[in-house]
Structure formats: C-alpha cells, structure tokens
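What follows is each chain in one-letter form.
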Amino acid sequence: MKTILVTGATGQIGSELTPALRQRYGNDSIIAAGHRKQPDADLTNAGPYCRLNIEDIAALARIVENYRIDTIIHLASLLSAVAETDPQRAWSVNIDGLFNVLEIARQNACSVFFPSSIGAFGPNTPTFDTPQDTIQRPNTLYGIGKVTGELLCDYYHKRYNLDTRGLRFPGLISYKTPPGGGTTDYAVEIFNAAVRWQHYTCYLKPDTQLDMMYMPDAIDAIWQLMTADPKRLIHRNAYNVTAMSFTPEQLAAEIRRHIPDFKMSYKIDPLRQVIADSWPRHMDDSAARQEWGWQARYDLATMVKDMLEHITE
Ligand code: VAH
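About the criteria used
- Residues numbered from 1 in each chain as written.
- Predicted model: local features only at pLDDT ≥ 70, side-chain atom pairs only at ≥ 80, totals over all residues.
- Heavy atoms only, no water.
- 1 Å grid on protein atoms, 1.4 Å probe; cavity = no way out; pocket = protein on both sides within 12 Å on 5 of 7 lines; lining within 4 Å.
- Points joined across faces, edges and corners; volume = space filled by probe spheres on them.
- Nonpolar A, V, L, I, M, F, W, Y, C, P; charged D, E, K, R; others polar.
- Near = heavy atom within 4 Å.
- Polar contact = N/O pair within 3.5 Å; in protein donor to acceptor, adjacent residues only side chain to side chain.
- Areas by Shrake-Rupley, 256 points an atom, 1.4 Å probe, with all protein chains shown as cover.
- Domains from an automatic or database assignment.
- Axes fitted to C-alpha atoms, helices over the stretch in contact; angles between N-to-C directions.
- Helix = DSSP H or I, 4+ residues; strand = E, 2+ residues; numbered from the N terminus.
- Left-handed = near helix turned anticlockwise from the far one by under 90°.
- Contact = heavy atoms within 4.5 Å.
- Pairing = 2+ DSSP bridges.
- Core = buried A, V, L, I, M, F, W, Y, C linked by side-chain atoms within 4.5 Å.
- Buried < 20%, exposed > 50% of the residue type's maximum accessible area, 1.4 Å probe, protein only.
- Salt bridge = Lys/Arg side-chain N within 4 Å of Asp/Glu carboxyl O.

Colleague: Quick question: what am I supposed to make of empty space enclosed by the protein here?
Modeller: Using a probe with the size of a water molecule, rolled over the atoms, empty space left in the structure can be pinpointed. Enumeration over the complete set of coordinates arrives at one cavity of 30 Å³ or more. As a volume, the largest cavity reaches approximately 80 Å³. As for the largest cavity, its lining consists of His74, Leu75, Ala76, Ser77, Asn94, Phe114, Pro115, Tyr142, Gly145 and Lys146. Of the residues belonging to the lining of the largest cavity, the class tally is five nonpolar, four polar and one charged.

Below is the structure:
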C-alpha cells in the first residue's frame, strides 16, 4: 500500500483510520474523501482531503487517477438504522457506491477494503459461534447491502483478479465521533451520558447481547488484513472478527465499577430492537486468527476503562 484513498473518511471508522494510516505511511500518502463540506480541521490540516459523493463515479475516477491511488479503503455507507428509514438512498450509497469503487479499482488496479458487518447475517443464521461460512439471509437493507458487497468483492477478485478484502465488523465503540445512525450506537452514547449525567436511557432491551469491538482493534484489524500475505487468504470477503460480546445491562454494570451512581433506564426503539434481534450474539472468528493472525487487544473491562479515561479528559 503506497497511496491510499479512504472514502467515508469523516465517519466513525474513517476519522480514526485516516490519522492512523497517515502516521504509518506519511500524511500525503493518505487521501481522505468525505461528503462533508467542513470536516474536522485535524483531518484536512494533516493531509489531502477531497469532497466526494460516492454515487458520482466520474468524481471518484478523477481522485483515483489524479492521486495515483493504489488502495481504496471504502468506508462510505449509511448505517443500519438510518438505512431502514430510506432504503432507496441506502441502496444507492451502499451498493451503487461500492460498485463504483470496484469498477474504478478494476480500471486502475487498486486493492479494495470493504467493511462488512454482523448485519450480513439474518434471523436464521446460527446466533452463537456464528461460523465463517454459514447462511446469510439478512432482512435489513443494510444487511442485504453487506451480503451483496461481499459477493461483489469476491466476484471482482475471481473475475478480474482484483485484490479485494473485507471484515465482518461487530458494533464498534469509539469516542472521537458522535454515533452515525447505527443499531449499536447505544454502546457509544452511553459513555458520554455516564460521565455527564450518570444516567442513560437505552433503546435496546437489557438482555440484547451483541458482538462489539473497540476502535483501536478495528483499525489494527484493517491494517493487518490489508498487509497480510494474499496466499494465506481463503475467506477474503469477508472475515468474522470480534473482541467481546455483551448486553446493555452487562455494559452498565462495568461502567458502574467506575461510576457507582450510574443508572440505566430503558425506552425501547422498535426499529433498532428488531434489527439487533436479527443479528448473531457471538461470531466464531477462528478463520481470521488462522489466516492472518487476528487477535483483539481490548475486552469489556479494558475498553470501558479506556473510554471513560478519554471522555473524562
Ligand atoms: C450499525 N455500527 O449499527 C453499525 C454496525 C454491527 C453494527 O454495522 O449499523
């Protein structure tokens, strides 16, 4: 990887991945692209930033050709809950956008990273120790987009020998950007609420167990996968990866170890509860461990401690 384009660079993953890649490869080797007019200064001051609507293939082509991009980390996407409120726009951004990336990557021999998700599984997928290879019939537009994306990336690898690689991320927890309309956003919002008000009203039921991962592990996983020996990659699109699996009440209990007065109440959001209930509880990520050495560093206790320390700062 020498010149990398990060689409969706102002989003939850992109806003942390971009500076991390700039640290490894140099500021001018990482071109950040987002739909926002005024992204954070630390994104634009540290290196190239381009406004990009991922639905505009000509604009994408110009960026890839002008900067001689050799790798596209494609993060531009609508998340699960917001996608259900506007499925037509979600299809255009999430799938037509990915198709644009794969077509431009094919024409310019770029490698492509695609973030899949636990959302790529559905209600009849085994919910515990979800296998790497299993049934995938999601019933959300977001999930349909993720399965389609996995299949498209595999197709472009097999048909055109494009170097496509992907990860099925669980819910991602971070403190640098506000939540962006996902189903797992509660696990991000809860920390600010706990520090400021010692109270949070959760929109998922107390026993809704979901796979989760702390953002530093997600950033490491992307880099490890994209620099892995291609000969070892069997399940390119896309690897199950997880770090922990917990319920809202378990997360609240862990926060209470640091903020004893923290209280949690519940006001269920039917849309996001239905989406969460269709997802697995815990994935088997042994294929990622075997094929490219995946290993999470953060668990529930160390993630909560680190999140609270940063937010309190
Ligand atoms: C969402 N945070 O909630 C994303 C993610 C597994 C969840 O895909 O939509």
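After presenting the structure, the write-up continues.
Colleague: Just to check I follow, could you spell out the site of the ligand for this structure?
Modeller: As a structural note, the neighbourhood of the ligand is formed by Leu79, Ser80, Ser117, Ile118, Tyr142, Phe169, Pro170, Gly171, Gly182, Thr183, Thr184 and Trp279. Measuring from an oxygen atom of the ligand, one finds a side-chain N or O atom of Tyr142 at 2.5 Å. A distance of 3.0 Å separates a nitrogen atom of the ligand from a polar atom in the side chain of Thr184. Relative to its free-state accessible area of 280 Å², the ligand is covered by the protein chains to the extent of 94%. In terms of residue class, the shell around the ligand is built from six nonpolar, six polar and no charged. A domain-level breakdown of the shell around the ligand finds at least three residues from each of domain 1 (4-169 + 214-240) and domain 2 (172-211 + 243-282 + 297-312).

Colleague: It is not clear to me how the packing of helix α3 (residues 57-66) against helix α5 (residues 87-108) should be interpreted in this structure. Could you clarify?
Modeller: Packing of α3 against α5 leaves a shortest axis separation of 10 Å and a crossing angle of 35 degrees. Pair α3 / α5 crosses with right-handed handedness. Along its contact with α3, which presents Ile57, Leu60, Ala61, Val64 and Glu65, the element α5 presents Asn100, Val101, Glu103, Ile104 and Asn108.

Colleague: Looking at this structure, I do not really get the sheet that holds strand β12 (residues 244-246). What am I missing?
Modeller: The sheet built from three strands is open, its strands ordered β8-β10-β12 with mixed pairing. Of all strands in the sheet, those with a lone pairing partner are β8 (171-173) and β12, marking the two edges. Geometrically, the sheet is characterised by an average inter-axis angle of 40 degrees between neighbouring strands, direction not taken into account.

Colleague: Hey, could you run me through the nonpolar core in this one?
Modeller: Across soluble globular proteins, you tend to see nonpolar side chains buried next to one another. Counting 67 residues, the largest nonpolar core has Tyr186, Phe191, Phe246, Leu251 and Met303 as the members making the most contacts within it. Top element by residues in this core is α5. It accounts for seven residues. Each of domain 1 (4-169 + 214-240) and domain 2 (172-211 + 243-282 + 297-312) accounts for three or more of the residues forming this core. If we ignore the near neighbours within four places in the chain, the residues touching Leu251 are Tyr186, Ala187, Ile190, Phe191, Phe246, Leu300, Met303 and Val304. Within the second largest apolar cluster, 33 residues are counted, among which are Ile4, Leu17, Met213 and Trp292.

Colleague: Looking at this structure, I do not really get the pattern of salt bridges. What am I missing?
Modeller: For side chains of opposite charge, pairing can occur when their charged atoms come near one another. All told, the structure shown has 13 salt bridges when counted by the stated rule. Close ionic contact of Glu103 with Arg106 constitutes a salt bridge, the shortest N to O distance being 2.7 Å. With Glu103 and Arg106 both in helix α5 and three residues apart, this pair spans about one turn of that helix. Residue class for Glu103 comes out buried when judged on its relative accessible area of 14%. Looking at Arg106, the relative accessible area reads 33%, which means it is partly exposed. For Arg272, the salt bridge is made with Asp269, and the minimal N-O distance between the two is 2.8 Å. Linked through salt bridges whose partners overlap, the residues forming this network are Asp163, Arg165 and Arg236.

Colleague: Please explain the sheet that holds strand β1 (residues 4-7) as it appears in this structure.
Modeller: Hydrogen bonding along the main chain pairs the strands of a sheet, whether they run parallel or antiparallel. In space, the seven strands of this open sheet follow the order β3-β2-β1-β4-β5-β7-β11, with parallel pairing throughout. Sheet topology places β3 (49-51) and β11 (239-240) at the edges, where each strand pairs with a single neighbour. Helix-sheet contacts for α5 involve β4 (71-74), β5 (111-117) and β7 (164-169), and the interaxial angle to β4 is about 175 degrees. Strand contacts of helix α8 (residues 215-226): β4, β5, β7 and β11, with the helix running at about 155 degrees to β7, the strand carrying the most contacts.

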